[in-house]
Amino acid sequence: MKRYSSGSLGLILLSLLLETETSHVVSDPVVAVADEDVILPCSLLNFTKSAGLVVKWSRSDLKDTSGKDKVVHFYRDARDSNVDQDESYRGRTSLFKELKNGNVSLKLSRVKLSDEGNYMCYILVQEPNSLVHENVIQLIVVAVSKPVISINGTKGSGVVLKCEAKSWYPKPEMNWLDSERQVLPAESAETHRDTEGLYIVRRHVTVNKNVTNTFTCRVQLQKFNFTRETGYNVPGELLLLGKIKTQYICDITPSLRCLKATVAHRVTDYSFALLAKMIGFELLCRRLC
């Protein structure tokens, strides 16, 4: 076995470094929506040959049992070689089919919250000269959904609307808007987290009759420019009902089954039936307290 002195070994390492071109790039963060697909960009400019190409995508913020970065996707010998791929990425990764053009971007399907982290794209070109390229990308995962509005009763002369937004991440901001897109004064938002760590946000507002009787619940992640809205048109008859002193109204939804009410003065069966017809409820409970 041939032995080298420390001086000659240093010269050999130096010559290898001189023969190998290395580039290190830190890309802008990529924002993905949970349950959708995302592209993590990585490419090597002025690259025309794929012979001897090795591409490794890994999580630089997660380690396996041996202390190495967890493998997200591995490509060598002109094919995918994902034997050591982390189990959580099985069947969810693919490289762009533009290898000979230097595009080795990674498509990650059905993104999960646990996918959020730092990714390393490592490219090794063995022919004709050794070339190493590293690209670091931060993946940020958000979760959004469309808010749902329902009527939650009456308060004074107004109608109480409830907005609920489930499965959001990170914690969103919720506001009520009138027909002119002005923010309405509303109760403080209630925030909870489900078993998966996603946020559930609810907020009530008391509204009165306006030009269109239309109100909007807006939920947003301002930092990432994600907004979801739901508009709701309150029946004018229901806003008129708010003028009648009411103890409580239950289950008023598009599929209303029952209305319970107490009025301050006697209501005849005829006027009660007429009110039910005006509002258009499927069933109006006739029991008065």
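Scroll up to find the structure this text is about.
Cut-offs and rules
- Residues numbered from 1 in each chain as written.
- Predicted model: local features only at pLDDT ≥ 70, side-chain atom pairs only at ≥ 80, totals over all residues.
- Heavy atoms only, no water.
- Helix = DSSP H or I, 4+ residues; strand = E, 2+ residues; numbered from the N terminus.
- Buried < 20%, exposed > 50% of the residue type's maximum accessible area, 1.4 Å probe, protein only.
- Contact = heavy atoms within 4.5 Å.
- Areas by Shrake-Rupley, 256 points an atom, 1.4 Å probe, with all protein chains shown as cover.
- Pairing = 2+ DSSP bridges.
- Axes fitted to C-alpha atoms, helices over the stretch in contact; angles between N-to-C directions.
- Core = buried A, V, L, I, M, F, W, Y, C linked by side-chain atoms within 4.5 Å.

1. A short note on the overall build of the chain
Logical step 1: Each helix and strand in the chain was counted, giving three helices and 17 strands.
Logical step 2: Within the chain, the proportion of its 289 residues that are buried is 40%.
Logical step 3: Partitioning the contacts of the chain with sequence separation of at least 6, the portion at a separation of at least 24 is 59%.
Logical step 4: For the chain, the computed accessible surface area is about 17400 Å², with 51% contributed by carbon and sulfur atoms.

2. What to know about the environment of G236
Logical step 1: By the secondary structure assignment, G236 is in helix α2 (residues 236-241).
Logical step 2: Remark: the alpha-carbon pair of G236 and K209, spanning 27 residues in sequence, is separated by 7.3 Å.

3. Things to note about the sheet that holds strand β16 (residues 214-221)
The strands that make up a sheet pair up through hydrogen bonds in the backbone, lying either parallel or antiparallel.
Logical step 1: If you walk across this open sheet you meet the three strands as β13-β16-β17, and the pairing is antiparallel. Of all strands in the sheet, those bounded by a partner on one side alone are β13 (173-177) and β17 (226-233). Direction aside, neighbouring strands of the sheet carry axes that sit 15 degrees apart on average.

4. A short note on the sheet that holds strand β8 (residues 106-108)
Logical step 1: Across the sheet, which stays open at both edges, the three strands sit in the order β3-β8-β7 with antiparallel pairing between neighbours. The two strands at the open ends of the sheet, each matched to only one other strand, are β3 (38-40) and β7 (93-95). Between one strand axis and the next, the sheet turns through 25 degrees on average, direction left out of account.
Logical step 2: Both β7 and β8 contribute to a ladder of three bridges, which runs antiparallel. Residue pairing in the sheet places L95 in a bridge with L106 of β8.

5. Regarding the pairing of strand β12 (residues 158-168)
Logical step 1: A large share of β12 lies buried, amounting to eight of its 11 residues.
Logical step 2: As judged from the seven bridges shared by strand β11 (residues 148-155) and β12, these two strands associate in the antiparallel manner. Residue pairing across strands places V148 opposite E164, the latter belonging to β12.
Logical step 3: From the end of β11 to the start of β12, which pair antiparallel, there are two residues, and G156 there has a positive phi angle of about 60 degrees.
Logical step 4: As paired elements, β12 and strand β15 (residues 199-207) share eight bridges and run antiparallel to each other. Paired with V160 across the bridge in β15 is T206.

6. Side note on the nonpolar core
Logical step 1: Core analysis: the biggest nonpolar cluster contains 29 residues, and L40, W57, Y119, I123 and L139 have the highest contact counts within it.
Logical step 2: Elements that contribute at least two residues to this core include exactly β2 (30-33), β3, β4 (53-63), β5 (69-76), β8, β9 (117-125) and β10 (131-142).
Logical step 3: Grouped together as the second largest cluster of nonpolar side chains are 27 residues, V142, A165, Y232 and L238 included.

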